[in-house]
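Secondary and tertiary structure notes
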Amino acid sequence: MSAPRPTPASHHHRQAPVSRRRLRVCHECDLLVALPPLAVGQKADCPRCGHTLVRRHANPAERTLALVLATLVALGLSVAFPFIGFELSGIGNRIELTDSAATLMGLHQPLMALCVLLTVIILPAVYLCSLGWLCAGALLRRPLPSSHQIARTLRHVTPWMMADVFVIGTLVSLIKVIGMADIELGLSFWTFCAFALLLLLTTQSVDRDWLWFFLDSQSMAPPEAKPGHTASSQGLCGCPTCGMINRLPDDGGKARCGRCDERLHPWHGVNNQATLALLAAAVIMYLPANLYPIMITTSLGSSSPSTILGGVLLFVQHGDWPIAFIIFTASVVVPVSKILALLWLCRVVSREQHQLDRLRRIRLYRMTEFVGRWSMVDVFVVAILVALIRNGNLMSIEPGPAALAFAAVVVLTMLAAMLFDQRSIWAGTDTGQDNNDNAKESEYV
Ligand SMILES: [Zn+2]
Ligand SMILES: [Zn+2]
């Protein structure tokens, strides 16, 4: 086990007692660590699992606020102008970003419309406004009203913002129709690409540790907290939202974070029932998602339904290998491998493990969490094509029942990955290592 990386300054503090303000619990492996003093631009990784604990930026408030404002401007421009257009035999159609959701509403698909609207426009807007509010408070040097509640919601909103996936969905839809019609990229298309990129930069720029320290610098870890051991072995629990170390009530009752009031999830041994239940639901929904048509194309009066795999085969027949590969990966490879990977993780966490295995497992878990949302590409493709291609009998596309089922698979597997307790991968590592306490501790402190 190595010392926290990069921690050139950490050895200066070996003798001095660690300030309780520096103590953090790794969110992924539950190890209690003491942060070294970090300079601007540095980050601290967990010495056991490599999870990035904090990342320091220069002028965090100004930097994030600037990004928030730029992203909001890009979002405003993206909804104000034509997004994409196409023309076929003299009949054209030009849509705005919000038209995809509006058309789905018109076709009695309110859930899909909501799904698109939430992930692409509403949640990013809420996130950006909340973050702007918090940063404005930081610039004024006093938190604005309701800052605690707002900061708490940010973590829950972030994984559901999918502007970048929507960009890929738009590109795939354009490639789908480029052969049969003339495509026109509107001003909003370009601003939306900028918006997706800026949104990514904004989420990356947030230093959660700094933010919560600004909101409440008084809260500290309990005095008995000892680095180098898991929090659960000391009756402590790290807050998943603000990172504060909390003492758990002795009666084992429900606990909330003393700083941000988030519900704490004390470790009670390996328990992945929620993940397994959600995975079972995802497997069930994956059947209609593949058996029913995902979209129905009406061309010159005759309608032809196409399933997910049918669509992939059609691209293969036309020789469009790259696009067939993207659709196949997003709608078959990713969901299936994600379900299998999570099932496998749920099964192996209760067994004896070597350190190397654990690292491999946590990497597998991180990968499933990272790629899961990209499956939404298929749903977005349907949403865009449905809005774009509305030429009555000449050519129009309607969503099939599989589209909603597939969206449900994506949401269910994302929830399953979120509810998977990563600490179970590291369960049992703290016992049997107590004999070299002192050596271990000196590494961290
Ligand atoms: Zn860790
Ligand atoms: Zn908290």
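Quick look at the coordination of the zinc ion (ligand 1)
Distances from the zinc ion (ligand 1) to its protein donors, Cys 26 (SG), Cys 29 (SG), Cys 46 (SG) and Cys 49 (SG), fall at 2.2 to 2.3 Å. Coordination geometry of the zinc ion (ligand 1): the four donor atoms subtend angles of 102 to 114 degrees at the metal centre, consistent with an arrangement described as tetrahedral. Between consecutive donor residues of the zinc ion (ligand 1), the sequence gaps follow C-x2-C-x16-C-x2-C. Of this pair, Cys 29 sits in the loop between strand E1 (23-25) and strand E2 (32-34) while Cys 46 sits in the loop between strand E3 (43-45) and strand E4 (52-55), and the two are 17 residues apart along the sequence. Taken individually, Cys 29 and Cys 46 each receive the classification buried, so the pair is uniform in this respect.

Overview of the packing of aromatic side chains
Scanning the entire structure with this criterion turns up nine aromatic pairs. Ring geometry for Phe 83 against Phe 192: centres 5.8 Å apart, planes inclined by 85 degrees, an arrangement best described as edge-to-face. Here Phe 83, found in strand E5 (residues 82-88), pairs with Phe 192, found in helix H6 (residues 187-205); they are 109 residues apart in sequence, far enough to count as distant. Assigned by exposure class, Phe 83 and Phe 192 land together as buried. A ring pair is formed by Trp 210 and Phe 214, whose centres lie 6.2 Å apart and whose planes are at 15 degrees; its orientation type is stacked. On the criterion of helical spacing, the pair formed by Trp 210 and Phe 214 is a turn pair, its members being four residues apart in helix H7 (residues 208-215). A relative accessible area of 22% places Trp 210 in the partly exposed class. Ring pairs connect the aromatic residues Phe 83, Phe 166, Phe 189, Trp 190, Phe 192, Phe 195 and Phe 380, which therefore count as one cluster.

Observations concerning the coordination of the zinc ion (ligand 2)
Ligation of the zinc ion (ligand 2) by protein atoms is provided by Cys 239 (SG), Cys 242 (SG), Cys 257 (SG) and Cys 260 (SG), these donors lying 2.2 to 2.3 Å from the ion. Note that the zinc ion (ligand 2) binds four donor atoms; their angles at the metal cover 101 to 115 degrees, and the shape is tetrahedral. Each donor residue of the zinc ion (ligand 2) lies on one chain, and together they are spaced C-x2-C-x14-C-x2-C. Here the residue Cys 242 occupies a position in the loop between strand E8 (236-238) and strand E9 (245-247), and Cys 260 occupies one in the loop between E9 and helix H8 (273-291), the gap between them amounting to 18 residues.

Focus: the side chain of Arg 373
As for its placement among the helices and strands, Arg 373 is situated in the loop between helix H11 (355-371) and helix H12 (377-388). You can call Arg 373 buried: its relative accessible area is 16%. Reaching out from Arg 373, the side chain makes a polar contact with the backbone oxygen of Met 161 at a distance of 2.8 Å. Beyond its immediate stretch of four places on either side in the chain, Arg 373 contacts Pro 159, Met 161, Met 162, Asp 164, Val 165 and Met 414.

Some points on the confidence of the model for the protein
Residues with a pLDDT of 70 or more make up 92% of the protein, whose mean pLDDT is 85. Across residues 431-445, where pLDDT falls below 50, the model places 27 contacts with residues more than four positions away in sequence or in other chains.

Section: the nonpolar core
Formed by 89 residues in total, the largest nonpolar core has its most connected members in Phe 166, Phe 192 and Met 376. Setting aside anything within four residues of it in sequence, one finds Met 376 in contact with Cys 115, Met 162, Val 165, Ala 407, Val 410 and Val 411. Within the second largest apolar cluster, 27 residues are counted, among which are Leu 31, Leu 278, Leu 279 and Phe 420.

Details of the pairing of E4
Where E3 meets E4, three bridges bridge the pair, whose relative direction is antiparallel. For Asp 45, the partnering residue across the bridge sits in E4 and is Thr 52. Between the end of E3 and the start of E4, which pair antiparallel, lie six residues, with Gly 50 showing a positive phi angle near 85 degrees.

A look at unusual backbone geometry
Non-glycine residue Asn 59 carries a positive phi angle of around 40 degrees. Within the element layout of this structure, Asn 59 appears in the loop between E4 and helix H1 (60-80). Residue Asn 59 is classed as exposed on the basis of its relative accessible area, which comes to 52%. Unlike most non-glycine residues, Ser 146 shows phi in positive territory, near 60 degrees. With respect to the element layout, Ser 146 can be found in the loop between helix H3 (110-139) and helix H4 (147-157).

Some points on the sheet that holds strand E11 (residues 302-306)
Taken in spatial order, the four strands line up as E11-E10-E13-E12 in an open sheet, and their pairing is antiparallel. In this open sheet, the two edge strands, each paired with only one partner strand, are E11 and strand E12 (390-391). Where strand E10 (residues 295-299) meets strand E13 (residues 395-399), five bridges bridge the pair, whose relative direction is antiparallel. In the strand pairing of E13, Thr 297 is matched with Ile 397.

Rules of the game
Residues numbered from 1 in each chain as written. Chains lettered and ligands numbered in written order. Predicted model: local features only at pLDDT ≥ 70, side-chain atom pairs only at ≥ 80, totals over all residues. Heavy atoms only, no water. Donors = N, O, S within 2.8 Å, 3.2 Å for Na, K, Ca; no water. Tetrahedral: all angles 85-135°; square planar, octahedral: opposite > 155°, others 65-115°. Helix = DSSP H or I, 4+ residues; strand = E, 2+ residues; numbered from the N terminus. Buried < 20%, exposed > 50% of the residue type's maximum accessible area, 1.4 Å probe, protein only. Phe/Tyr/Trp six-rings, centres within 6.5 Å; stacked < 30°, edge-to-face > 60°. Polar contact = N/O pair within 3.5 Å; in protein donor to acceptor, adjacent residues only side chain to side chain. Contact = heavy atoms within 4.5 Å. pLDDT = per-residue confidence, 0-100. Core = buried A, V, L, I, M, F, W, Y, C linked by side-chain atoms within 4.5 Å. Pairing = 2+ DSSP bridges.

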